Amino acid sequence: MPQPSPAGRRQLALNAFIYPAGHHEAAWRHPLSRPDRIYDVRYYQEIARTAEAAAFDAVFFADGPALRTNVAYNAAPGLEPITLLTAIAAATSRIGLIATASTTYYEPYNLARLFSSLDHISDGRAGWNIVTTGTDLAAANFGLDRHPGHTERYARAREFVDAVTALWDSWEDDAVLLDRAAGRYADPDKIHPIHFAGEHLRVRGPFNSARTPQGYPVLVQAGASNDGRAFAGRYAEAIFTAHQRLGDAHAFYTDIKRRAAEFGRNPDQVKILPGLSPFIASTESAAKQLEREFNELTVPEYGLEQLESLAGETLRRLPLDEPVPAGLFADAGDVTDNTASRRQVIAGIVQRERPTLRGLLHRLAGARGHRVFAGTPEQVADTIEEWFTTGAADGFNVMPPYYPGGLEIFTETVVPILRERGLFRTEYSGATLRDHLGLPKPASRFAAATVSG
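Residues numbered from 1 in each chain as written. Predicted model: local features only at pLDDT ≥ 70, side-chain atom pairs only at ≥ 80, totals over all residues. Heavy atoms only, no water.

All right, on to the overall build of the protein then. When you go through the protein residue by residue, the secondary structure sums to 14 helices and 13 strands. For the protein, whose C-alpha radius of gyration is 22 Å, the value lies close to the compact-globule estimate of 22 Å for 453 residues. The dimensions of the protein, computed from C-alpha atoms along their principal axes, are 80 × 55 × 45 Å. In the protein, buried positions account for 55% of the 453 residues. Of the contacts formed within the protein by residues at least 6 apart in sequence, a portion of 78% connects residues at least 24 apart. For the protein, the accessible area works out to roughly 19,100 Å², and carbon and sulfur atoms hold 50% of it. Between the centroid of the 47 positive side chains of the protein and the centroid of its 54 negative side chains there is a distance of 2 Å. (Helix = DSSP H or I, 4+ residues; strand = E, 2+ residues; numbered from the N terminus. Rg over C-alpha atoms; globule rule 2.2 N^0.38 Å. Buried < 20%, exposed > 50% of the residue type's maximum accessible area, 1.4 Å probe, protein only. Contact = heavy atoms within 4.5 Å. Areas by Shrake-Rupley, 256 points an atom, 1.4 Å probe, with all protein chains shown as cover. Lys, Arg positive; Asp, Glu negative; His and termini not counted. Charge placed at Lys NZ, Arg CZ, Asp CG, Glu CD.)

Following the criterion strictly, the structure yields 18 aromatic pairs and no others. Aromatic side chains Trp128 and Phe160 sit 5.9 Å apart centroid to centroid with 55° between the ring planes, which places their arrangement in the tilted category. Placement of Trp128 in strand S4 (residues 126-131) and of Phe160 in helix H4 (residues 150-169) is noted, with a sequence separation of 32 residues between them. Take Phe160: its relative accessible area is 0%, and that puts it in the buried class. (Phe/Tyr/Trp six-rings, centres within 6.5 Å; stacked < 30°, edge-to-face > 60°.)

A separate point is the side chain of Gln214. Along the chain, Gln214 falls in the loop between strand S8 (202-203) and strand S9 (218-221). From its side chain, Gln214 meets the backbone oxygen of Ala126 in a polar contact 3.0 Å long. When near neighbours in sequence (up to four residues on either side) are disregarded, Gln214 contacts Asp119, Gly124, Arg125, Ala126, Thr432, Leu433, Arg434, Lys441 and Pro442. (Polar contact = N/O pair within 3.5 Å; in protein donor to acceptor, adjacent residues only side chain to side chain.)

For helix H3 (residues 108-121), which comprises 14 residues, the first-to-last C-alpha distance of 20 Å matches the rise-based estimate of 20 Å (1.5 Å per residue) to within 8%. Among the residues of H3, those classed as buried are Pro108, Leu111, Ala112, Phe115, Ser116, Leu118 and Asp119. Seen from one end, H3 has its buried residues packed into an arc of 160°, which puts them on one side. Of the surrounding elements, those touching the buried residues of H3 are helix H2 (81-91), strand S3 (96-102), S4, H4 and S8. Asp123, located one to two residues past H3, shows a positive phi value of around 60°. (Expected span 1.5 Å × (residues − 1). Arc of directions from axis to C-beta.)

Under the defined criterion, the tally for this structure stands at one cavity of 30 Å³ or more. Contributing to the lining of the largest cavity are Ala13, Leu14, Asn15, Asp57, Ala58, Ile98, Ala238, Phe240, Leu273, Leu433 and Leu437. Per-element tally for the lining of the largest cavity: the top contributor is strand S1 (residues 13-17), with three residues. (1 Å grid on protein atoms, 1.4 Å probe; cavity = no way out; pocket = protein on both sides within 12 Å on 5 of 7 lines; lining within 4 Å. Points joined across faces, edges and corners; volume = space filled by probe spheres on them.)

As a further point, take a nonpolar patch on the surface. There is a patch of nonpolar side chains on the surface, built from Val176, Leu178 and Tyr185 and spanning about 290 Å² of accessible area. Tracing the chain through its elements places Tyr185 in strand S6 (residues 184-186). (Patch = residues over 30% accessible without salt bridge, like charges linked within 9 Å, V, L, I, M, F, W, Y side chains within 5 Å. Salt bridge = Lys/Arg side-chain N within 4 Å of Asp/Glu carboxyl O.)

Attention now goes to the UniProt feature "binding site: FMN" (unreviewed entry) in the protein. Those places that UniProt annotates as "binding site: FMN" (unreviewed entry) correspond, in this numbering, to Asp63, Thr100, His150, Tyr154 and Ser225. Looking at the secondary structure, you find Thr100 in strand S3. We classify Thr100 as buried; its relative accessible area is 5%. Apart from residues lying up to four places away in sequence, Thr100 is in contact with Phe60, Phe61, Ala62, Asp63, Pro81, Asn129 and Val131. On the secondary structure map, Tyr154 appears in helix H4. (UniProt positions renumbered as here; feature names shortened; annotations may be inferred.)

Below is the structure:
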């Protein structure tokens, strides 16, 4: 279990999860947010520069190939994230740039090109959040009759990542010669077809672009199911996760590090970043009042729709101001898919807190099952330090309830406290996202084969 370390050694990783108006579902209604700017690229550039000025490791955009938000009651995130991050790359110089992309609804060669281009354009700051897509709504957008099942999606995902990383490896680091005198731009012997053939995917290669500054982008993952954990242990270099309680976070942290070791990987090179959505004010009572303001702006119809998708049944028959029936999520059981893992979070809230249905909707409105915390900057720093130093997290996916001010107050009030305690950098020491996270540049598998041959 990690122990507190002197300043300059083990440091927090902090990632800004950008959700257009903010992570609270009613953020767009609150005067502190700017829903009028969610299609304005300058808005996101400004947010990224705020995070970069505080030396955050990265900014992150989630994504999905379907309209899942009920736009009658909430703002829909609309800009494609890899394109958006390319624009952010031009307005920043050091902060990492992470985007979600689905292994179910892309093809390996196309996606390899998109992230390779982002890594080149940003001088080595790209990261790929690997998802299999969890909604049936996506299938019809791609001419499919059905959304692939959980097991099938993860089988394809494993092949997908193997194929994409092989493409990124297919140019050795020194393949580009730039020998003007001899008229040789590159050495063909150091550019390799990959001849990938799996059950779901076939890719010949080689890639049509030189190896990127990072070797390849940082691989990020967010699934908490049994398949997701196995996938993370094998591939992920950073993991976004959701936990309400310290004990649950400890158990997840230990499990993932163990799985990484079983795959022959260094567990210290797998960074686990739980989500934290903080309401921050000068006093605890003021922070809780701010949270209440946001909760009072929620539309029950919207929250019920989200909750019903997890419950698998209609909840509109239940009175809003009476306790949620204890058995409603009793079948959450062991984690078998991503939906069930989020069901377990909700089941835990129902069993421990016995909330009313309205209270449960408010609990989930803050960050879709991620931990919401209302307090002073010192209290926020205390909870971050506790999770970091006791083996529950390597850092945090910071999820401000509203943008842009929620991130600004975090960087202005919480980050200085973390620095005073020796937990977070005062400035960047490297240029790439791998540098920020303390991750090595992966060697090309083809170069290794050439040397061993």
